[in-house]
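Structure at a glance
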Amino acid sequence: QVQLVESGGGLVQAGGSLRLSCAASGRTFSSYTLGWFRQAPGKEREFVAEISGSGSNTRYADSVKGRSTISRDNAKNTVYLQMNTLKAEDTAVYYCAARPYWATEYKYWGQGTQVTVSS
């Protein structure tokens, strides 16, 4: 069982930056792939980025590639999403998720943190 708690969301002007954090419980944190997803009003939840257990492999959605960086600190059981050059279309609730490294689907989800970008 993994519990995830996001933080760092807020209101920011277009062009600004935010760093989201997700703290995880559990003693086998490094065995989980961690991801960030987002859901804008009236839209389906979409993938943003993910990072492997060791942190050596990352993947990004085209919509955030080059503007965002996912990272993790396994000693702190925390994953981060640094978002730069934010746009109004980045406005959404951002969710942290975890899946065992061998799984294809995300199994554990946080409660979400709101990011609002004003234009």
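These lines cover the structure that appears in this document, whether it is placed above or below. Being a predicted model, the structure only gives us computed values, none of them experimental.

Definitions and cut-offs
Residues numbered from 1 in each chain as written. Predicted model: local features only at pLDDT ≥ 70, side-chain atom pairs only at ≥ 80, totals over all residues. Heavy atoms only, no water. Salt bridge = Lys/Arg side-chain N within 4 Å of Asp/Glu carboxyl O. Buried < 20%, exposed > 50% of the residue type's maximum accessible area, 1.4 Å probe, protein only. Core = buried A, V, L, I, M, F, W, Y, C linked by side-chain atoms within 4.5 Å. Helix = DSSP H or I, 4+ residues; strand = E, 2+ residues; numbered from the N terminus. Contact = heavy atoms within 4.5 Å. Pairing = 2+ DSSP bridges. Axes fitted to C-alpha atoms, helices over the stretch in contact; angles between N-to-C directions.

We now examine the pattern of salt bridges. Scanning all chains against the criterion turns up six salt bridges. Across the pair R59 and E50 runs a salt bridge, and its minimum N-O distance is 3.1 Å. The class for R59 is partly exposed, based on a relative accessible area of 44%. Residue classification places E50 among the buried residues on the basis of a relative accessible area of 11%. One salt bridge in this structure joins K65 and D62, with 3.2 Å as the shortest N-O distance. One salt-bridge network, held together by shared partners, links R38, E46, R67 and D90.

What follows is about the nonpolar core. The biggest cluster of nonpolar side chains holds 34 residues, and the ones touching the most others in it are L4, W36, I70, V79, L81, M83 and Y94. When contributions to this core are tallied by element, the ones reaching two or more residues are β3 (18–24), β4 (32–39), β5 (46–51), β8 (78–83), β9 (92–100) and β11 (113–118). Excluding anything up to four places from it in sequence, L4 contacts C22, A23, A24, C96, A97, A98, Y108, W109, G110 and Q111.

Ordered by their spatial adjacency, four strands build an open sheet running β1-β3-β8-β7, and the pairing between neighbours is antiparallel. The strands lining the two open edges of the sheet, one partner per strand, are β1 (4–7) and β7 (68–73). With direction set aside, neighbouring strand axes in the sheet form an average angle of 15°. The pairing of β1 with β3 spans four bridges and is antiparallel. Counterpart to E6 in the pairing with β3 is C22.

By themselves, these observations are geometric and do not establish any function.
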